[in-house]
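Per-entry structural report
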Amino acid sequence: MKYEVKEGIAWITLDRVHRLNAFDEESWKLLGDYVRKANLDAEVKVVILTGEGRAFSSGDDIFSMLELKDADDAKRFFETLYYAVESLIELEKPLICAVNGLAYGGGCEILLFCDVVVAHKDSKFSIPEAKLGLIPPMAISVGHKYWGRAVNRLAITADEITAEEAKQIGIVDYIAENVVSKAEEIAKRIMSSVDLNSVKVIKKWSKADKERVRSAIMELALLSLTKSAKDRMGAFKDRHRSR
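Residues numbered from 1 in each chain as written. Predicted model: local features only at pLDDT ≥ 70, side-chain atom pairs only at ≥ 80, totals over all residues. Heavy atoms only, no water.

As for the overall build of the chain
Along the backbone of the chain there are 11 helices and 10 strands. Computed over its C-alpha atoms, the radius of gyration of the chain comes to 17 Å, within 12% of the 18 Å expected for a compact globule of 243 residues. If you line up the chain on its principal axes, its C-alpha atoms span 55 × 35 × 35 Å. The buried share among the 243 residues of the chain stands at 52%. Taking the contacts inside the chain whose residues are at least 6 apart along the sequence as the reference set, 74% of them involve residues at least 24 apart. Here the chain displays about 11,300 Å² of accessible surface, and carbon together with sulfur accounts for 51% of that area. A gap of 2 Å separates the mean positions of the 37 positive and 38 negative side-chain charges of the chain. (Helix = DSSP H or I, 4+ residues; strand = E, 2+ residues; numbered from the N terminus. Rg over C-alpha atoms; globule rule 2.2 N^0.38 Å. Buried < 20%, exposed > 50% of the residue type's maximum accessible area, 1.4 Å probe, protein only. Contact = heavy atoms within 4.5 Å. Areas by Shrake-Rupley, 256 points an atom, 1.4 Å probe, with all protein chains shown as cover. Lys, Arg positive; Asp, Glu negative; His and termini not counted. Charge placed at Lys NZ, Arg CZ, Asp CG, Glu CD.)

Given below as structure tokens:
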């Protein structure tokens, strides 16, 4: 994961390209660290989160989750996931997500905590955890507040949707050919015209219920150890390893 500050903008770039920017434990920890770093840096006015390659993020790394052997392993992994999510919820500065490709599972769910989402026209979105015997914790705990009843359809059917449909639902705000340029344009417009003290107060009043999110994440931790989930994740691993 890359972190760089340029002209008041903190750029956080997901770069596990070989895993479609899936989050293993280390990645969740780095995301939490970098978002907190940006929040404390007076030079940073806006944060932009994006990905390298053909994915924004494919969510949790299923290969890593399969290695969780017991409750202690699961608790450590998912507490680290929550550490990252909490940093996004508590961020006092504008957060713009530049979705450069697919956004699946947790990679789609973290968009709930972005203030502005810019997506490439060919981006795809899905919340497919139920296919693996799992749940999408952020979507089911606070997603209805932001995306409405479509959350249930997406979580239960595991359907993939286009950027255009994601925009209609409210997952995406802008569709652009060059998402990085569009995100930077929006960031500069915010910095030049908006009082960031006002932004801080706006975000305080609109932020997600983090305890509700944490409870759902801990339920996911328990589900990740069930035989059904292990079997389904194992089949997923076998399919993708053979490609």
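So, next bit.
Notes on the side chain of S27
Turning to its location among the elements, S27 is positioned in helix 1 (residues 25-40). For S27, the side chain forms a polar contact with the side chain of D24, separated by 2.6 Å. Contact partners of S27, with chain neighbours within four places excluded, come to M1, R16 and A22. (Polar contact = N/O pair within 3.5 Å; in protein donor to acceptor, adjacent residues only side chain to side chain.)

Quick look at the state of the cysteines
Enumeration over the complete set of coordinates arrives at one disulfide. Covalently, C97 is tied to C114 through a disulfide, its sulfur atoms 1.9 Å apart. Of this pair, C97 sits in strand 5 (residues 95-99) while C114 sits in the loop between helix 4 (106-109) and strand 7 (116-120), placing them 17 residues apart in sequence. Accessibility classification places C97 together with C114 in one group, the buried group. Cysteine C108 remains unbridged, with the sulfur of C114 as its closest cysteine sulfur at 10 Å. (Disulfide = S-S within 2.5 Å.)

Regarding the packing of aromatic side chains
Per the counting criterion, the structure on display carries three aromatic pairs. Ring geometry for Y3 versus Y34: centroids 5.1 Å apart, planes at 25°, classification stacked. You can see Y3 sitting in strand 1 (residues 2-6) and its partner Y34 sitting in helix 1, a full 31 residues away along the chain. According to the relative accessible area criterion, Y3 is buried, its value standing at 18%. The interplanar angle of 15° and the centroid separation of 3.9 Å between the aromatic rings of F23 and W28 together place this pair among those described as stacked. Take F23 and W28: they sit in the same class, and that class is buried. Just above the ring of F63 sits the side chain of R19; from NZ or CZ to the centre is 4.2 Å. The aromatic ring of Y82 is capped on one face by R214, whose charged end is 5.9 Å from the ring centroid. (Phe/Tyr/Trp six-rings, centres within 6.5 Å; stacked < 30°, edge-to-face > 60°. Lys NZ or Arg CZ within 6 Å of the ring centre and 35° of its normal.)

Considerations on the side chain of T50
Among the structural elements, T50 can be located in strand 3 (residues 46-51). Polar side-chain contacts of T50 include one of 2.7 Å to the backbone oxygen of A98. In this view, T50 contacts I12, T13, L14, F56, A98, N100 and V180; residues no more than four positions away in its chain are not counted.

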